[in-house]
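# Notes for the structure review
The primary structure of each chain is shown beneath.
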Amino acid sequence: MSDNHIDEHLDGAGFETRAIHAGYAPDPTTGAVIPPIYATSTYAQDGVGGLRNGYEYSRSANPTRTALESTLAALEGGAHGYAFASGLAAEDTLIRALCKPRDHVVLPNDAYGGTFRLFDKVATVWGVEHSPAPVTDVDAVRAAIKPGVTRMVWVETPTNPLLSIGDIEALAAVAHDAGALLVVDNTFASSYLQQPLALGADVVVHSTTKYAGGHSDVVGGALVVDDDALAERIGFHQNSIGGVAGPFDSWLVLRGLKTLALRMERHSDNAEKVADFLGTHPAVSQVIYPGLADHPGHAVASRQMKRYGGMVSFRVKGGEEQALAICAATKVFTLGESLGGVESLIEHPGRMTHASVAGTDLEVPADLVRLSVGIETSEDQLADLDRALASTT
Ligand SMILES: *Cc1c(COP(=O)(O)O)cnc(C)c1O
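The paragraphs below set out a description of the structure included in this document. (Residues numbered from 1 in each chain as written. Predicted model: local features only at pLDDT ≥ 70, side-chain atom pairs only at ≥ 80, totals over all residues. Heavy atoms only, no water.)

Further remarks concern the packing of helix H3 (residues 87-98) against helix H8 (residues 228-241). When two helices pack together, their arrangement is given by the angle between their axes and by how far apart the axes lie. For the pair H3 and H8, the least separation of the axes is 9 Å and the interaxial angle reads 120 degrees. In terms of axis orientation, H3 runs oblique to H8. Relative to H8, the crossing made by H3 is right-handed. Where H3 approaches H8, its residues Thr 93, Leu 94, Arg 96, Ala 97 and Leu 98 are matched on the opposing element by Leu 230, Arg 233, Ile 234, His 237, Gln 238 and Ile 241. Taken together, the residues of the contact of H3 with H8 break down into 6 nonpolar, 3 polar and 2 charged. (Axes fitted to C-alpha atoms, helices over the stretch in contact; angles between N-to-C directions. Helix = DSSP H or I, 4+ residues; strand = E, 2+ residues; numbered from the N terminus. Parallel < 35°, antiparallel > 145°, perpendicular 65-115°, else oblique. Left-handed = near helix turned anticlockwise from the far one by under 90°. Contact = heavy atoms within 4.5 Å. Nonpolar A, V, L, I, M, F, W, Y, C, P; charged D, E, K, R; others polar.)

With that settled, the discussion passes to unusual backbone geometry. Omega for the bond connecting Thr 157 with Pro 158 falls within 30 degrees of zero, at -5 degrees, which places this linkage in the cis form. Considering the arrangement of structural elements, one finds Pro 158 in the loop between strand S4 (150-156) and helix H6 (168-177). Omega for the bond connecting Asn 160 with Pro 161 falls within 30 degrees of zero, at 0 degrees, which places this linkage in the cis form. By the element assignment, Pro 161 lies in the loop between S4 and H6. Located in the positive-phi region is Arg 102, a residue other than glycine, with phi close to 80 degrees. If you trace the backbone, Arg 102 turns up in the loop between H3 and strand S2 (104-108). One non-glycine residue, Leu 163, lies in the positive phi region at around 55 degrees. Take Leu 163: it is sitting in the loop between S4 and H6.

Taken together, Ser 86, Gly 87, Leu 88, Glu 91, Tyr 112, Asp 185, Thr 187, Phe 188, Ser 207, Thr 209, Lys 210 and Gly 220 make up the full set of residues near the ligand. Take Ser 207: an N or O atom from its side chain is 2.8 Å from an oxygen atom of the ligand. Contacts to the ligand include Thr 209, whose side-chain N or O atom sits 2.7 Å from an oxygen atom. Contact with the protein chains covers 92% of the free accessible surface of the ligand, which is 380 Å². The biggest single contributor to the shell around the ligand is H3, with 3 residues. Counted by class, the shell around the ligand contains 3 nonpolar, 6 polar and 3 charged residues. (Near = heavy atom within 4 Å. Polar contact = N/O pair within 3.5 Å; in protein donor to acceptor, adjacent residues only side chain to side chain. Areas by Shrake-Rupley, 256 points an atom, 1.4 Å probe, with all protein chains shown as cover.)

Moving on to H8. Across its 14 residues, H8 extends 20 Å between first and last C-alpha, which sits within 8% of the 20 Å expected from 1.5 Å per residue. Every buried residue belonging to H8 is among Leu 230, Ala 231, Ile 234, His 237 and Gln 238, and all of these are buried. Down the axis of H8, the buried set is contained in an arc of 135 degrees. They therefore lie on one face. In this structure, H8 carries Asp 228, Ala 229, Glu 232 and Phe 236 as exposed residues pointing more than 90 degrees from its buried face. Elements that come into contact with the buried residues of H8 comprise helix H2 (63-76), strand S1 (80-84), H3, strand S5 (181-185), strand S6 (203-207) and strand S7 (221-225). Structurally, the start of H8 carries an N-cap: the backbone nitrogen of Ala 229 is 3.2 Å from a side-chain oxygen of Asp 227. Just downstream of H8, Gly 242 is the residue with a positive phi angle, here 90 degrees. (Expected span 1.5 Å × (residues − 1). Buried < 20%, exposed > 50% of the residue type's maximum accessible area, 1.4 Å probe, protein only. Arc of directions from axis to C-beta.)

Applying the stated criterion to the full structure yields 5 aromatic pairs. Aromatic side chains Tyr 43 and Tyr 55 sit 5.5 Å apart centroid to centroid with 35 degrees between the ring planes, which places their arrangement in the tilted category. Of this pair, Tyr 43 sits in the loop between helix H1 (15-21) and H2 while Tyr 55 sits in the loop between H1 and H2, and the two are 12 residues apart along the sequence. Comparing Tyr 43 with Tyr 55 shows no difference in burial state: the two are buried. (Phe/Tyr/Trp six-rings, centres within 6.5 Å; stacked < 30°, edge-to-face > 60°.)

When charged atoms on two side chains of opposite charge get close, those side chains can pair. For the coordinates displayed, the defined rule picks out 14 salt bridges. One salt bridge in this structure joins Glu 69 and Arg 65, with 3.2 Å as the shortest N-O distance. Here the residue Glu 69 and the residue Arg 65 both occupy positions in helix H2, the gap between them amounting to 4 residues, near one helical turn. Here Glu 69 matches Arg 65 in class, with each residue buried. Here the residues in one salt-bridge network are Glu 265, Asp 269, Glu 272 and Arg 307, joined through shared partners. (Salt bridge = Lys/Arg side-chain N within 4 Å of Asp/Glu carboxyl O.)

Helix H9 (residues 247-258) packs onto H2 with a crossing angle of 35 degrees between their chain directions and a minimal axis gap of 8 Å. In this structure, H2 crosses over H9, and the sense of that crossing is left-handed. For the pair formed by H2 and H9, the contact residues are Thr 64, Arg 65, Ala 67, Leu 68, Thr 71, Leu 72 and Leu 75 on the first element and Pro 247, Ser 250, Trp 251, Val 253, Leu 254 and Leu 257 on the second. When grouped by side-chain class, the residues that make up the contact of H2 with H9 number 9 nonpolar, 3 polar and 1 charged.

All right, on to the environment of Ala 19 then. The topology assignment puts Ala 19 in helix H1. Ala 19 gets classed as buried once you look at its relative accessible area, which sits at 3%. Note: C-alpha distance between Ala 19 and Met 152 (133 residues apart in sequence) is 29 Å. Leave out the neighbours within four places in its chain, and Ala 19 touches Thr 71, Leu 75, Leu 257 and Lys 258.

Below you can see the structure in the form of structure tokens.
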């Protein structure tokens, strides 16, 4: 369901204009400039089968969700967007839409933990197999592909929490050579900083819980594609499985998207300053940020991203004990999981977001700290980190 006629005047419009105007025209009866939260499960019909604008039942389509889905598509440069109850609901729908038993998927060897669990503990039960490859190594990804069996090459870039960078254009070529689709989880970069479809990806996945929503007040997910046949399969499975975004959640994400460009600029400004500050601090042994010239993915990130985003990871000299102490000592940076909201967050991946991969290939260093740098005043963020580092060394 998408009211494409609304968006014709936006052809060629800039990202910020599309973020604010795509997907919805002021309501014809009231002039409401923002889509109402259509809290309705069903729709009156004008005679049997006489649907008004195609609305029949809210699992199949809901006007608030339609506005979000059209906006998501417009921002990713794709023809079709789909909104889900969570990022993982989006991923699950995609797996079922594209894979059948004995199909194979190449996964990042440092995939988001929930994505790995979905493939490893759920999809395998239904006969969909997976094997890991580092997104940074195009040859390793090519070697992991099983020709004729691999259906998807799944990529995150930047990855979590080590912020590795995959070359989307090169990976798309490798996937397509083998008859596979390239799926890019664009959650960390956001549609503003990175446009995978334009670089050759076939499907873009988002946890809209993160930067798209941007205010830590909603859980949601999205899929965006350009290809009509792919869209039809996804749309059919979205309705058949039913993991859809509700109207209020859709409205929150839509509201968040309007300021995505502004937020990502400030997240990037602040994260660059945090990375520079940590790089000069004697208690810090390594700063991991794609915007730093010494990051191994810096050249690729510079090519495919507008800026480098709000996520910064760093390692401390005092080992796990000091990493844990810093996480407990900050005040502007709230100790918590998740990312991408206006507020700064700090966490210890080894004990928190990545605890479930301890002892596997995905294990992360114990002295690693991950920051989601928010949009507070930069000086306050730096002073907070300075105080926390001083109190723990
Ligand atoms: C959070 C996240 C997900 C999962 O999204 P949910 O909304 O939590 O279901 C998927 N991929 C990445 C990169 C994430 O950060």
